[in-house]
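Here is what each chain is made of, one letter per residue.
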Amino acid sequence: MESCLKNSPGLYLLILVSVSRVMCISIHYSVPEEKKTGFLVANVLKDLKLGNGELSVRRAQLVSKSSKQYFHLDTLSGNLLIKDKIDREALCGQTEPCLLLSEIVLEDPLEFYSIEIRIDDVNDNAPRFSKDEFALEIPENVPINTLLPLESAQDIDLGKNSVQNYTLSPNEHFQLEVERDNSQHKYLHLRLVNSLDREEQEEFVLTLTAVDGGVPKKTGIVKINVSILDINDNFPQFPQTEYKVILKENSPQGTLVSRVKAVDMDFGSNAKITYSFHQVSEKTQNLFRLNKDTGVITVWEEIDYEKECSYDMNIKATDGGGLSGLCKVLVQVEDMNDNVPEISVLSLKNIIREDSALNSVVALFSVTDRDSGDNGKSICSVDMNLPFALTMAMNNYHQLVIQSPLDREKIPEYNVTITAMDRGSPRLTSSRIIHVQISDVNDNSPAFDKTLFEMKIRENNIPGLLIGSVHAMDLDTEQNAKLTYSLLPEKIHDDFVASYISINTETGNIYALKSLDYELIKDLKATVRASDGGIPPLSSDVTVHVTVIDENDNAPFFLYPLQNSTFACNELLPKMAETDYLVTKVVAVDGDSGQNSWLSYEILKATDPGLFSIGAQNGEVKTRRPLTERDASKQRLVIAVRDNGVPPQTSTAMLNILLVDGFSDPYLKVVDVRHQDPEDDGTLTMYLVICLASVSFVFLLCIVSFVGLKMCKKDHGSSFIVAPPHFPPVIPENCTDSQSGSLSRNYQYDVCLTNGTLSSEFRFLRPLIPVLSVPDPNILVSSGSQGIPELLDNKQSSDGVQASLTEDAAPRSGGPGCTVNQAIGANANSGQNDWLSYQ
């Protein structure tokens, strides 16, 4: 699935095409160590086949696989630069090749480019020996061609920059020999080429020089002091040449690694063996301790598998005679699960809309574990109760996506905890909290506190009065929750509801635009709409019911007797009436409602206060006692009706009652009652006092008046004109209540008009209602069927009136004339003109 393309020395390109729309390309570069910061490694645009600026647009990121970032990617130019100075020996030790792995991550679409940078060694280290001087002690009887092991120089550089050659200072007895094993390690030996004679020379001082292959070449020098000892012909021997040990990572200090033991067949000091490291790097010697007497190897410093997974050590056993033997100890480090997974967030959207589509990417992150095997494999998870899920992208890259719909009104923000757990034992976990805010969209309609708002207002209110308030809430925020109230166009009594009330668009307060009249409109219903400020706006409607409370603003109105009638209302009462005789019934109405329309009646003024009474509730006018001859023939009552409002209102009406004789006769002659000025109680009392004090004066006055009247008849004649009764054009039905005791209206009225001789008469038609009203002097009187032959003016009407009321039965005395059985006279004039004559 991979193919390698050699680009140039040290540059390789590996392209991997994935079927999941994610492209992974591997690129290889090389760079020498010890280069300064900012050194250009390569330009990746050409290798990635990308245009200028595309790295920046696609938010390219360089992700290092190591704990430290040694390189920097310039997204504008595409240059891969050194960020920090690189020491290959400190970074990789003797590992070859020394590679630094990184990845370039591009978004939209998601692509991964694996960058493998090889760190090339430079000759920056000279060969070094572990000591400045080596001391060798050999017996004098050592045979020719005996090999004496020497410690080789250590050069931490690699390849040709490491130790390439050794030279030994010229001498006659020793020759330097270099051997290589399978792993290309060099082993130095001094070969004895000539026999030794301690007596000739007991010590040799040699100079050993190590030369590397770098340019320029570097050298390391050590002195070798060879002491010739007495005979020691047995070398220390190890039972096995190689020891293999498995050591757990992070083993504590003092942990036993291995124990080596050599045997020497000599005796005494020649058999006493000491142990030491032979050709072991300084780094390894710092990690382990070797007991020179016992050969026990223990842990001295922390063993980290991630830094080095194996160690090999050469152990040298030297006896007291200077002879030595070698063995090798191979330590294999067993990885322990001591590194937690590391979560690195590469891309994050902190604010997302609540209507975001499912599977939308919220965050992109990677998980790495420095352990190996199952210890380095990890799994990621998030809380199942959250509307988010994790999906695997590639190469330990994960995506946090939306798995269920979001609702900001329920949960406005989330703290998403991403947990990474490896598969080691015990399992290690790490977590990363990502804060995600949900932005609002207009998905909630305004909601009113009530389904129906009931409000009350008293009638006759002042315009602009606050009636009440409606309130709605919107679960959205900011502009989406800003509400505006309005009235829907509806009609009430052919007028729009907006002509009666208005609403504040911001607060929802409802005001009366004009004064309301309960008698015209008792309640009104309006529909209020609350709209939010979202796009598109959402709205809700609610019904507002405004009830108008009645005020006592209407005075009672009389239906009978009529208040505004031009003529007074007259009732006839027979003088034979007994106590509790029903004279008439007063009827009034009130435009208000409830207790404001409860009416009560009372008599304010009366000609004779003790003669009549009125029912407080039903308005029936009745006699309180039987009539007497001393009772005035005309009674005037001022009736007041009062409602039960606060404050109460009152109306008055005037009722005239005429006392008549023989009221039961079928024919009654009409009496013309002129309009009389109202009298007050003080005038009536004064008249009574005068009558009681001046009885004799009244008697004489009557005689004189009678004589004067006769004289006027002889000189000018008399004319009796009875005016026809005037009836109101419209009579309420409740003015007549024959079944409840009111007077019967089925009478005929015979009126005789004479000019002194009583030779002519005029009979009126039957009226429906025998109410005698005094006509206005300015109004002409006409007949109902035959007509009146002459007009009556004010002067003629003031001469006198004679009326006779005759029953329907035949006259009691013969003759065609009009026989008057009962007569009632009335004159609107005062003084002597008040006296009437009856025939």
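Residues numbered from 1 in each chain as written. Predicted model: local features only at pLDDT ≥ 70, side-chain atom pairs only at ≥ 80, totals over all residues. Heavy atoms only, no water.

What the protein chain contains, in helices and strands, is seven helices and 55 strands. By the burial criterion, 43% of the 839 residues in the protein chain qualify as buried. Long-range pairs, those at least 24 residues apart, make up 67% of the contacts in the protein chain with a sequence separation of at least 6. (Helix = DSSP H or I, 4+ residues; strand = E, 2+ residues; numbered from the N terminus. Buried < 20%, exposed > 50% of the residue type's maximum accessible area, 1.4 Å probe, protein only. Contact = heavy atoms within 4.5 Å.)

Let's shift gears to the pattern of salt bridges. A complete count under the given rule lists 19 salt bridges for this structure. A salt bridge links D440 to R408; the nearest nitrogen and oxygen atoms lie 3.1 Å apart. A residue pair is termed long-range when its members are at least 10 positions apart, and D440 in the loop between β31 (429-439) and β32 (447-448) and R408 in the loop between β29 (397-402) and β30 (413-422) qualify at 32 residues. As far as the burial class goes, D440 and R408 line up, both buried. (Salt bridge = Lys/Arg side-chain N within 4 Å of Asp/Glu carboxyl O.)

With that out of the way, let us pick up the packing of aromatic side chains. Per the counting criterion, the structure on display carries seven aromatic pairs. Note on F129 and F134: the rings are 6.2 Å apart at their centroids and 80° apart in plane angle, and the pair reads as edge-to-face. Using a relative accessible area of 10% as the deciding quantity, one classes F129 as buried. Take F134: its relative accessible area is 9%, and that puts it in the buried class. Residues F238 and Y275 carry aromatic rings whose centres are separated by 6.3 Å and whose planes lie at 50° to one another, so their mutual orientation is tilted. Of this pair, F238 sits in the loop between β16 (219-229) and β17 (242-248) while Y275 sits in strand β19 (residues 274-278), and the two are 37 residues apart along the sequence. Of the two residues examined, F238 and Y275, each falls in the buried class. Above the ring of Y500, the side-chain terminus of K514 is found at 4.4 Å from the ring centroid. Here K522 stacks its cationic end above the ring of Y518, 5.0 Å away from the centre of that ring. (Phe/Tyr/Trp six-rings, centres within 6.5 Å; stacked < 30°, edge-to-face > 60°. Lys NZ or Arg CZ within 6 Å of the ring centre and 35° of its normal.)

In spatial order, the strands read β34-β40-β39; together these three strands make up an open sheet with antiparallel pairing. The open sheet has two edge strands with one neighbour each: β34 (466-469) and β39 (501-503). Each adjacent strand pair in this sheet contributes to an overall mean axis angle of 25°, direction not counted. As judged from the three bridges shared by β39 and strand β40 (residues 509-512), these two strands associate in the antiparallel manner. Paired with I501 across the two strands is A512, which belongs to β40. (Pairing = 2+ DSSP bridges. Axes fitted to C-alpha atoms, helices over the stretch in contact; angles between N-to-C directions.)

The next subject is the sheet that holds strand β15 (residues 203-212). With respect to topology, four strands assemble into an open sheet ordered β10-β16-β15-β12, the strand pairing being mixed. A strand with exactly one partner marks an edge of an open sheet, and here the two such strands are β10 (133-139) and β12 (163-168). The sheet shows a mean angle of 25° between the axes of neighbouring strands, direction not considered. Across five bridges, β12 lies against β15 in antiparallel orientation. Paired with L168 across the bridge in β15 is L208.

Let us look at the pairing of strand β22 (residues 310-318). Of all the nine residues making up β22, seven are buried; the element is thus mostly covered by neighbouring parts of the structure. Both β19 and β22 contribute to a ladder of five bridges, which runs antiparallel. The partner of H278 across the bridge, within β22, is N314. Looking at chain direction, β22 and strand β23 (residues 324-334) are connected through nine bridges and run antiparallel. Across the sheet, residue S310 finds its bridge partner in β23, namely Q332. Between β22 and β23, which pair antiparallel and follow one another directly, the connecting turn spans five residues, one of which, G322, has a positive phi of 95°.

For the structure shown, the criterion picks out one disulfide. Note that C92 is cross-linked by a disulfide to C98, the S-S spacing being 1.8 Å. Of note, the bridge from C92 to C98 carries an S-S torsion of about 65° and is right-handed in sense. Grouping residues by exposure puts C92 and C98 together as buried. (Disulfide = S-S within 2.5 Å.)

Within this model, the second largest pocket holds a volume of roughly 1,600 Å³. As for the second largest pocket, its lining consists of 43 residues, of which Q94, Q154, D155, I156 and S281 are closest to the centre. (1 Å grid on protein atoms, 1.4 Å probe; cavity = no way out; pocket = protein on both sides within 12 Å on 5 of 7 lines; lining within 4 Å. Points joined across faces, edges and corners; volume = space filled by probe spheres on them.)

Residue P536 is bonded to the preceding I535 through a cis peptide linkage, with omega at -5°. When you line up the elements, P536 lands in the loop between β41 (523-531) and β42 (539-549). With an omega of -10°, the peptide bond between Y560 and P561 qualifies as cis. Its place among the elements puts P561 in the loop between β43 (557-560) and β44 (569-574). Of note, D108 is a non-glycine position whose phi angle comes to about 55°, a positive value. Structurally, the position occupied by D108 is in the loop between β8 (99-106) and β9 (111-120). The exposure class of D108 is exposed, given its relative accessible area of 67%. Positive phi outside glycine occurs at D494, with the angle close to 70°.

Here N314 lies in strand β22. Take N314: its relative accessible area is 12%, and that puts it in the buried class. The contacts of N314, once residues within four sequence positions are left out, are Y187, S276, F277, H278, Q279, V280, C327 and K328.

Here the focus is the confidence of the model for the protein chain. A residue-level look at the protein chain finds 78% of positions with pLDDT of 70 or above and a mean pLDDT of 77. Per-element confidence in the protein chain ranges from a low mean pLDDT of 30 for strand β54 (residues 804-805) to a high of 95 for β40. Low pLDDT (under 50) marks residues 1-22, which in the prediction has 48 contacts with non-local residues, meaning those over four places away or in another chain. Counting interchain partners and residues more than four positions distant, the pLDDT-below-50 stretch residues 717-839 has 235 contacts. (pLDDT = per-residue confidence, 0-100.)

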